[in-house]
Amino acid sequence: MKIKAAVMREVNRPVSIEDVDVAAPGPDEVLVKTVACGVCHSDLHTVHGGIAAPLPTVLGHEPAGIVLEVGERVRNVAPGDHVIACTSMFCGACPQCVQGWPHLCTDRGACRRGEGEAPRLSRGSELIHPYADLAGFAEAMLLHSRAVVKIDKDIPLDRAALVGCAVTTGVGAALNSAQVTPGSTVAVFGAGGVGISVIQGARIAGARQIIAIDLNDAKLATALKFGATDTINPANADPVKTVKKMTRGGADFAFEVVGLPKLLEQAFYCLAPRGTAVLVGAIASGQSVTLNPGHFFQEKRIIGCMMGSNRFTVDAPHYLDLYRQGRLDLDSMVTRTAPLEGLNEAFRAMEAGEVTRTVLTFN
Ligand SMILES: [Zn+2]
Ligand SMILES: [Zn+2]
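This text gives an overview of the structure that appears in the document. (Residues numbered from 1 in each chain as written. Chains lettered and ligands numbered in written order. Predicted model: local features only at pLDDT ≥ 70, side-chain atom pairs only at ≥ 80, totals over all residues. Heavy atoms only, no water.)

Next up on the list: the packing of helix 4 (residues 166-177) against helix 5 (residues 193-205). Contact pair helix 4 / helix 5: the axes reach a minimum separation of 7 Å and the direction vectors enclose 40 degrees. In terms of their interaxial angle, helix 4 and helix 5 are classed as oblique. Note on packing geometry: the crossing formed by helix 4 with helix 5 is right-handed. Where helix 4 abuts helix 5, its residues Ala166, Val167, Thr169, Gly170, Val171, Ala173, Ala174 and Leu175 lie against Gly193, Val194, Ser197, Val198, Gly201, Ala202 and Ala205. (Axes fitted to C-alpha atoms, helices over the stretch in contact; angles between N-to-C directions. Helix = DSSP H or I, 4+ residues; strand = E, 2+ residues; numbered from the N terminus. Parallel < 35°, antiparallel > 145°, perpendicular 65-115°, else oblique. Left-handed = near helix turned anticlockwise from the far one by under 90°. Contact = heavy atoms within 4.5 Å.)

This is how it looks when you write it as structure tokens:
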């Protein structure tokens with residue numbers, strides 16, 4: 001089947017809208033008509049070369065859509081179902097999967113097509129790599145059945161899409177990775193789409209104080225609407241000292257959501273004794289973090305976080321229940337919608353800090 005897709009061919013170049021070929025579903029695959037796909041910072045990092053990806057690729061890893069066709073062994077979804085796709089596809093059989101950590105699956109390859117098989121995406125004889133095994137910036141996606149979860153049809157798909165990455169990552173970082181406790185104090189370094197999701201997760205968990213830290217005052221104002229109780233602009237005040245003062249001794253949880261070594265250090269230093277710092281952002285490989293080891297005598301911890309420690313096939317429907325109850329605000333996260341052709345502009349707006357999320361929508 002021929003579809004329109006946004007193809008990234010070179011680093012630091014605009015993506016181009018091209019006709020590409022998507023294969024028919026194999027036995028365990030699902031063909032999904034894309035209805036919406038959020039534009040995430042990881043897509044932009046990839047365009048800038050900060051995340052290495054085989055090229056050419058179709059970016060986009062925060063999609064929702066409607067199932068068109070399924071392979072003969074697929075049982076979890078059927079044509080007509082509304083679905084969210086998530087990059088945390090899992091084999092279901094490796095030690096991580098079996099122990100309940102499918103987001104850390106060590107055999108994702110089991111969900112890809114084999115060497116000898118025709119590629120899922122191509123352009124004539126040219127292989128096109130589906131970014132994050134999804135390729136959401138395209139009119140249709142051919143996915144492994146364990147990369148999708150069925151959702152209720154009353155949820156607008158341009159809202160549901162956010163659960164595919166930003167919400168799963170951010171809300172999951174608070175609820176699953178850190179397990180923020182009721183009455184705790186939380187500092188969040190970075191108030192973009194994922195940072196806002198961490199803030200919402202901390203609010204849902206019952207944190208009593210949530211401090212948003214960002215250099216962009218507009219983002220700080222947005223953070224207050226999503227549940228932040230206080231804000232700090234590091235241009236005006238030292239964030240570590242200010243968090244310690246605001247929390248009267250340090251935060252119980254601190255999240256680094258930008259991907260800068262300095263911010264992880266600050267997140268660690270602003271903790272109360274026995275506090276937990278969570279690295280959510282992607283610090284570029286080659287960079288390193290320097291920590292004063294004395295702080296470890298206060299039993300502070302630093303933990304990693306991969307995609308919000310998700311089990312997305314159960315998490316996503318739970319998050320959508322919270323949305324329906326008004327406890328998770330997805331509506332305000334969608335700053336703009338745009339057609340596929342608007343992707344380069346969406347990247348520009350993201351870089352300029354103008355949006356929490358642009359969601360690309362398809363007819
Ligand atoms: Zn993402
Ligand atoms: Zn696995």
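There's plenty left to go through after this.
It is worth spelling out the coordination of the zinc ion (ligand 1) at this point. In a perfect tetrahedron of four donors around a metal, the angles come out at 109.5 degrees. In a perfect octahedron of six, they are 90 or 180 degrees. Listed as protein donors to the zinc ion (ligand 1) are Cys40 (SG), His61 (NE2) and Cys165 (SG); their distances from the metal cover 2.0 to 2.2 Å. The class of cysteine 40 is buried, set by a relative accessible area of 3%. The exposure class assigned to histidine 61 is buried, which follows from its relative accessible area of 5%. (Donors = N, O, S within 2.8 Å, 3.2 Å for Na, K, Ca; no water. Buried < 20%, exposed > 50% of the residue type's maximum accessible area, 1.4 Å probe, protein only.)

Attention shifts here to the coordination of the zinc ion (ligand 2). The zinc ion (ligand 2) binds to the protein through Cys91 (SG), Cys94 (SG), Cys97 (SG) and Cys105 (SG); the donor distances cover 2.3 to 2.4 Å. For the zinc ion (ligand 2), the four donor atoms are set out with angles of 103 to 116 degrees between them, so the coordination reads as tetrahedral. All donors to the zinc ion (ligand 2) come from one chain, and their sequence spacing reads C-x2-C-x2-C-x7-C. For cysteine 97, a relative accessible area of 11% gives the class buried. (Tetrahedral: all angles 85-135°; square planar, octahedral: opposite > 155°, others 65-115°.)

Remember, this is a structural readout, not a statement about activity or role.
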